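Working through the structure, step by step
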Amino acid sequence: MEQVSSTGRPVQITVTEGYDLKGFKGDTSVTFIRAEFNQVVLGDSAKITVSPEGTAKYNFTCSFEFNPEGGGIALDDLAHKPVFLTVTEVLPKEKKQKEEKTMVLGQAVVDLLPLLEGESSFETMVPLHPVPGSPIEPFRSGVEQCSLEVKVFVAEPLLTPAQISGGNLLKVTLEAAYSVPESFIPIGPLQNYMVGMQVPSAGEKDYPIFFKNGTLKVGGEREPVPRPKKWPIANILAPGANNIPDSFIVGGPYEEEEGELNHPEDREFRNQAECMKKRITWDLESRCYLDPPAVVSFQKRIADCRFWPVEITRVPLVVVPKGKSAKFEKTDDEGQFSFHGVAYVNMVPLLYPGVKKIRGAFHVYPYLDSTVYEKTKCLFSLFRDTGHNLIQNNKVGGINSPVSKPVVSKNLKEDKTVKEKDMDGKPRPGDVQVPSIKSQSSETPLEIEPSLCNNPEGQQYVEAGTYIVLEIELDKALVPKRMPEELARRVKEMIPPRPPLTRRTGGAQKAVSDYHMQIKNISRAILNEYHNMFGKQVVKTGNDIDSETLEEQKCQLNYELNCSGKYFAFKEQLKHAVVKIVREKYLKTTSFESQEELQKFISELYVFLVDQMHVALNQTIPDDVQGTPPVIYTSSEQLRLFAFEAEVNENYEMATVYYEERLVREPQNLEHWLDYGAFCLLTEDNIKAQECFRKALSLNQSHIQSLLLCGVLAVLMENYEQAEVFFEDATCLEPTNVVAWTLLGLYYEIQNNDIRMEMAFHEAFKQLQARVLQAQVTRQKSAGTVECVEEGGKAESSLGPWGVTNGSSTAALKVEAPTEALKSQESSTCLHSTPYRVSQTPTTIFMETIRFLMKVNAVQYVHRVLAHELLCPQGGPSCEYYLVLAQTHLLKKDFAKAEEYLQQAAQMDYLYEKAKKTYLQACKRSPSCLTWLGLGIACYRLEELTEAEDALSEANALNNYNAEVWAYLALVCLKAGRQLEAEQAYKYTMKLKLKDENLLAELHMVQETVGFGNPSF
C-alpha cells in the first residue's frame, strides 16, 4: 500500500456499518472494505462477517493528508476526486488452495465537496453500486439498497474564512457533441474523443480541464433527461459508481440557453440533430476550486477575453497488451490527433449580476491559429502543444483522471521542482503546464509560427453543423446581485413613503357638520311642538294666515318652550357643538385679553352661526318647496382633457391651473402627479418634474412607471447612483418589463459598462421575444391553428437581436418605393400609394422605450434611444422613427426639420393613423401647403374622403401650383363620382407636369376603374 508522506492536515474517513449486504456464498459472507483516493490505496478494513440480516459493523477508519501549501493533495483534488470504497467478499478456501479467493461485490463513492463548503465533518449514507455479476441488487425505487454509513472528519475546517467568502467552485459539464461529421464511424480503430479548455488561476499558469473517452453513437433517439452527471475518472469497477451523487443533466428549452443555437429558426435543426444524427456523449462534470486570487484572475480574464476556446479532437487509442510492462514506448501513432476543432464560448454572462451558470450549444469550427487568436487572444493549444503528455495517458486500461492543477511557484527553482516530481518524488507526466492567456494577450510582440492555412478535417465540423452542449456553473455569482429588499430600502431612504392622509374624526369640518346636525334635530323638535299646538293642517294652509296670526302663534310657542324648559334644553343641546366650532374652526382655546376682543369675536361668531343655521335649515326643506340651484361639477378626467387642450394650444399657464386643480382635489392619486410631471417635462422644468415623480413614488414605492421616471430624471440631472437604484428596483419588481431593462441598459451605456449594458439589452430582448411568442400562441388559440403559406413558404416569426418582426421570410411584406421613383421625387413627395400589402412595423426594445418616453414628454432622453434604434439590426430608419423625430422637432418649434422628417416618414412606410395625427399638429402650429398635403394624403389613404378634400383644398389655397395637390384632388373627385371636377383637377395635374410616376400610374388606374376622369379617353 502506497503511503502519502506529508505534514498536512489529516482527513479522516470512517466506515461504521454496511446495510443489506449480500455475498456470493450465502447470507453469512465475510467481507472487507478497501478505501482509495487520488489513485492511492488508503487502507483495508478487517474482515467482517455479514449478519443474516445483511448488516456488517466495520468501524474502519483511514485517512489521507491534505497539504494547503501545495506539493500533495490540494483543495482542487478534493473538488473533483471522490473517495472510492470497494466492498470485497472473501470466499472460503477450497482443498489444495493456497491463497484465499476474493470477489468484488460493489463500490461506493464519497463526495468530499462539503469540506470545500467550510464544514469540518459530515455523515452520509452512500449506496453500494454492484459490479457486473454481483449478487447485490441494483438500485430500484421502492427497494432497499445496499449502503454504507460513512463519516468524514477533519480537526478544523480546511478553508479559512477569507477562502470561504472569496473563493469559488467552478463546475464544467460537457454533455455531448451533436451532428458530428459522417466520417466518424463506430467501427475500425478505437478513437478517444476529447474536449479541453483552460481555466485561469492565480499566477502565470492556467489549469487545463480535459474530458476524455467520449462515446460515439449513431443516433436514433434523444438522450434522456434527467440523466446523471458522471465523474471524469475511468476504470471505475461498478457502473453505477460513475454517477456523481445528486447531480443531473436536466436540459431545458432552447430559447432559455445562453449559446448560439437558441433561436426559433434553430429548433428544427436541433431536434433533428439530437434525435437522428450521430453524436458523441460524455455527460462528465469536472470541478475546479478557485481560491480568492484565482477568482479575481478568472473575472479579469472574462473581461479581457470575451470568448474562451473549447477544443475538440480525436486521438487513436493505444492498446497495452496484457502482461506487458506499463512503460510507454513511442509508436507511429503518437501525436496523431485529428479533427481538431474549437468552439468559442461567450463567458461574459458570468459577469452579469447574480448569474452563476451558463448553458448552451456552441458551433464547432476548425482550429486555425489566426482565427483563435483573433477571437480569444490565445496562442496555446491544449492538444497540439501538450500532445505528447496526452498520448502517454491515452492507453486503454490506464486511469483517465483529470490532470492535477499546477502549483503556482514563486521562483523558477521551485517551479522546476514541482514539474519534475510529484508527491512521492516520481515524474508525473499528467501534469500539464499551460502558459497563461493573460501573458499572451499583453502588448509584447509575439512571433507566431506560420500555421496551416486550412484545416480540412476541422472544416467537416462546419459542413456537418457540429455543436457541443456545455454548462459552466459557479457556486457563487462573480458579481453579486442586489437583493430586492436592499433596493427597496435604498428607494425608501431617497424617497420616504408618504403615509396616506387619514381623515380626522375632529377638525373644523366635523365641528360645523355636528352643528348642522344639532340645528336639524332642534328644528324638527320645534316643528313637532308647533304641530302639537296648532295642528299640521295650519302649516299646509300657511299662505292664507295673516301676519298677526303668525305673530300670535310665535308668542304662544315661545311661551310654551320657556315654561316647559325645552328652550333651555335646546340651548344646552346646541352648546357643545358651538364650543367645538370655537375650538376647531377659530382655534380659540385661551381666554381673551380684553373685553373689546371678546365682543368682536362674539359678533363674528354670531354671524357665522346664523349663516350656518340657514344652511342647515335650507337642507331640511323638502325639494318641492326649495329649488336646488344647478351645480356645475367638473370631474378629474374633464380637468385632464381641459389641461391637454390648453397644452396643445400652448397655453401653459392655463394647463398648469388645471393640473394643479386635479392635485388639490385628489393629492393621493399618483396618476395626477405623473401627468403633471410629464407636463413639466414638456415645459423643460426638470426640477418640478422630478418633484412630481418622486411624490408619485412616495405614494406607491412599487409603481413601475414612477420608478422609471424617477430614474430618467436622475439621469438627466446626473444623479447616476440614484438612477441605477431606481432602474434596478424596477427590473426586480417586474422582471418581464421590456422598458425597464432597456432603460437600465441605456444607463449602463452612459456609465461605459459594456458588459452590464449587453446584459440588460439581452434580457429586454428576451422578454420582448417571449411576449410576442405568447401573443402569437394566444391568437392561434382564439382563432384556431391557421397556417399562412405564401409562395410555398410558411409565415413565421423572424427574431433577431433586440427586435421581433412578424412576417414571412419568403414573402416581401415591407414595400418600398422603386429606386427610380425615389430618385425622381422632389422634397414635397408625401405618402405614396402602393397596391401591395402594408408592412407591419418591426418591434424593437428601443422603439418600445421611445413610445414610453414620448408619452411622458421625455424628449431629452429620446435622442439617445433613437440612436440605438437606428443601429439596431431589426430597427433602422422606419416610418415610426421619422415620425418620432418629427414630433421632437415640433416640440422644439423647428418646423422646417419637422416637415423634412415627415416627408421621409411618408417615403418609408404607411402608418397613416400616426401620420395623420402628426400632420394635424403640424398644420395647427405651422400650416403650409406641404403640411396640409400630408394630412390630405393620410386621410385619403384612410378612405376619409371628406376630410381629405378639406385638407387638400387648404393646401391648394396656399399653393395652387403644386401638381401633387391637384393629383390627389383628382383622386378624391374620382372616388366621389364627380366627373367634371375630376377632369379639371387632372388637367391641372398634367399641365403642372407631375413627376411622381407612381402617383400618376395610380391616377390612371383609378380613371380606368371608374370609367371617367381623363378627357383623352
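What you see is a predicted model, and the numbers here were worked out from it, not measured in a lab. (Residues numbered from 1 in each chain as written. Predicted model: local features only at pLDDT ≥ 70, side-chain atom pairs only at ≥ 80, totals over all residues. Heavy atoms only, no water.)

**A look at the overall build of the protein chain**
What the protein chain contains, in helices and strands, is 35 helices and 28 strands. Look at the contacts in the protein chain between residues 6 or more apart in sequence, and 73% of them connect residues 24 or more apart. In the form shown here, the protein chain has an accessible surface area of approximately 52300 Å², with 52% of it arising from carbon and sulfur atoms. (Helix = DSSP H or I, 4+ residues; strand = E, 2+ residues; numbered from the N terminus. Contact = heavy atoms within 4.5 Å. Areas by Shrake-Rupley, 256 points an atom, 1.4 Å probe, with all protein chains shown as cover.)

**A word on the pairing of strand 11 (residues 168-178)**
Burial of strand 11 is extensive: 10 of the 11 residues sit out of reach of the surface. Pairing of strand 11 with strand 16 (residues 279-290) involves 10 bridges; the strand directions are antiparallel. Its bridge partner lying in strand 16, Ala176 is registered against Thr281. Pairing of strand 11 with strand 23 (residues 467-474) involves eight bridges; the strand directions are antiparallel. (Buried < 20%, exposed > 50% of the residue type's maximum accessible area, 1.4 Å probe, protein only. Pairing = 2+ DSSP bridges.)

**A few points about the pattern of salt bridges**
As enumerated under the stated definition, the model contains 46 salt bridges in all. For Arg482, the salt bridge is made with Glu724, and the minimal N-O distance between the two is 3.7 Å. Within this pair, whereas Arg482 is found in the loop between strand 23 and helix 11 (484-494), its partner Glu724 is found in helix 22 (residues 720-733), the two being separated by 242 residues in sequence. The burial state of Arg482 is the same as that of Glu724; both residues are buried. Of the charged contacts in the structure, one is a salt bridge between Arg978 and Glu981, with a shortest N-O distance of 2.2 Å. Given the relative accessible area of 27%, Arg978 is considered partly exposed. The class of Glu981 is partly exposed, set by a relative accessible area of 39%. Each of the salt bridges in this network shares a partner with another, and the network as a whole consists of Glu175, Arg222, Arg227, Glu257, Arg270, Glu274, Asp283 and Arg359. (Salt bridge = Lys/Arg side-chain N within 4 Å of Asp/Glu carboxyl O.)

**Examining the packing of aromatic side chains**
Centre distance and the angle of the planes are the two values used to describe a pair of aromatic rings. In total, this model carries 23 aromatic pairs according to the counting rule given. Measuring from ring centre to ring centre gives 6.3 Å for Phe184 and Tyr461, while their planes differ by 85°; the resulting arrangement is edge-to-face. Of this pair, Phe184 sits in the loop between strand 11 and strand 12 (191-200) while Tyr461 sits in helix 10 (residues 456-464), and the two are 277 residues apart along the sequence. Judged by its relative accessible area of 2%, Tyr461 falls in the buried class. (Phe/Tyr/Trp six-rings, centres within 6.5 Å; stacked < 30°, edge-to-face > 60°.)

**Section: the sheet that holds strand 5 (residues 56-66)**
Within the open sheet, the four strands sit side by side as 5-1-10-8. Their pairing is antiparallel. Two strands in the sheet have a free side with no partner beyond their single neighbour: strand 5 and strand 8 (121-127). Neighbour to neighbour, the strand axes of the sheet diverge by 20° on average, direction disregarded. (Axes fitted to C-alpha atoms, helices over the stretch in contact; angles between N-to-C directions.)

**Digging into the packing of helix 32 (residues 945-958) against helix 33 (residues 963-976)**
The contact between helix 32 and helix 33 brings their axes to 10 Å, and the two run at 150°. Relative to helix 33, helix 32 is oriented roughly antiparallel. For the crossing formed where helix 32 meets helix 33, the hand is left-handed. Judged by residue contacts, Leu945, Ala948, Glu949, Leu952, Ser953, Ala955 and Asn956 of helix 32 engage Val965, Trp966, Tyr968, Leu969, Val972 and Lys975 from helix 33. Among the residues making up the contact of helix 32 with helix 33, the classes are represented as nine nonpolar, two polar and two charged. (Parallel < 35°, antiparallel > 145°, perpendicular 65-115°, else oblique. Left-handed = near helix turned anticlockwise from the far one by under 90°. Nonpolar A, V, L, I, M, F, W, Y, C, P; charged D, E, K, R; others polar.)

**Things to note about unusual backbone geometry**
Geometrically, the link from Val225 to Pro226 is a cis peptide bond, its omega value of -5° lying close to zero. Here Pro226 is to be found in the loop between strand 13 (205-217) and strand 14 (227-230). Backbone geometry at Asp20 places phi at a positive 55°, although glycine is not the residue there. Despite not being glycine, Asn213 has its phi angle at roughly 60°, a positive value. In this fold, Asn213 is placed in strand 13.

**Some points on the environment of Asp675**
Tracing the sequence through the fold places Asp675 in helix 19 (residues 670-682). When the C-alpha positions of Asp675 and Ala689 are compared, they lie 9.6 Å apart, and in sequence the two are 14 residues distant.

**Topic: the nonpolar core**
Membership of the largest hydrophobic core comes to 160 residues, with the highest contact counts inside it found for Trp282, Phe298, Ile472, Phe727, Leu743 and Tyr861. Ranked by residues supplied to this core, first place goes to helix 33 with 11 residues. Excluding its chain neighbours within four sequence positions, the residues that come into contact with Ile472 are Leu170, Lys171, Val172, Met197, Val345, Met347, Leu350, Lys356, Lys357 and Ile358. Core analysis: the second largest hydrophobic core is formed by 43 residues, Ile33, Phe64, Val87 and Leu148 among them. (Core = buried A, V, L, I, M, F, W, Y, C linked by side-chain atoms within 4.5 Å.)

**Focus on the environment of Val150**
Note that Val150 resides in strand 10 (residues 147-154). Expressed as a C-alpha distance, the spacing of Val150 and Thr124, which sit 26 residues apart in the sequence, is 5.5 Å. Among all residues touching Val150, those that are not within four sequence positions of it are Ile13, Thr14, Val15, Leu85, Val110, Phe122, Glu123, Thr124 and Val126.

**Regarding the pairing of strand 17 (residues 307-316)**
Looking along a regular strand, one sees the side chains alternate between the two faces of the sheet. Of all the 10 residues making up strand 17, nine are buried; the element is thus mostly covered by neighbouring parts of the structure. Here strand 12 runs beside strand 17; their pairing, made up of seven bridges, is antiparallel. By the bridge assignment for strand 17, Met194 is matched with Thr313. Note that strand 17 and strand 19 (residues 338-346) share seven bridges and pair antiparallel.

**Points about helix 5 (residues 369-376)**
What helix 5 keeps buried is the set Asp369, Val372 and Thr376. Each buried residue of helix 5 lies within a common arc of 70° when the element is viewed along its axis, so the set occupies one face. Structural note: helix 5 exposes Ser370 and Glu374 on the side pointing more than 90 degrees away from its buried face. Once helix 5 ends, the next one or two residues include Lys377, with phi positive near 60°. (Arc of directions from axis to C-beta.)

**Some details on helix 30 (residues 912-925)**
Compared with an ideal rise of 1.5 Å per residue, which puts 14 residues at 20 Å, helix 30 spans 20 Å between its outermost C-alpha atoms and is within 8% of the ideal. Residues of helix 30 that are buried: Tyr912, Ala915, Lys916, Thr918, Tyr919, Ala922 and Cys923. (Expected span 1.5 Å × (residues − 1).)

**As for the packing of helix 12 (residues 508-534) against helix 16 (residues 595-620)**
Packing of helix 12 against helix 16 leaves a shortest axis separation of 9 Å and a crossing angle of 60°. Between helix 12 and helix 16, the angle is such that the two are oblique. Crossing geometry of helix 12 relative to helix 16 is assigned as right-handed. Mapping the contact onto sequence places Val512, Tyr515, His516, Ile519, Lys520 and Ser523 in helix 12 and Phe608, Leu609, Gln612, Met613, Val615, Ala616, Leu617, Gln619 and Thr620 in helix 16. Its residues assigned to classes, the contact of helix 12 with helix 16 shows nine nonpolar, five polar and one charged.

**Re the confidence of the model for the protein chain**
Looking at the protein chain as a whole, the pLDDT averages 78, with 79% of positions reaching at least 70. Considering only residues more than four positions removed or in separate chains, one finds that residues 395-452, a stretch of pLDDT under 50, has 114 contacts. (pLDDT = per-residue confidence, 0-100.)

**Focus on the state of the cysteines**
Across all of its chains, the model carries zero disulfides by this definition. Counting only cysteine sulfurs, Cys692 is the nearest neighbor of Cys680, a cysteine outside any disulfide, at a range of 4.5 Å. (Disulfide = S-S within 2.5 Å.)

**Section: the side chain of Thr931**
As for its placement among the helices and strands, Thr931 is situated in helix 31 (residues 929-941). Thr931 sits in the buried class, given a relative accessible area of 3%. Not counting chain neighbours up to four residues away, the residues in contact with Thr931 comprise Tyr919, Ala922, Cys923 and Ser926.

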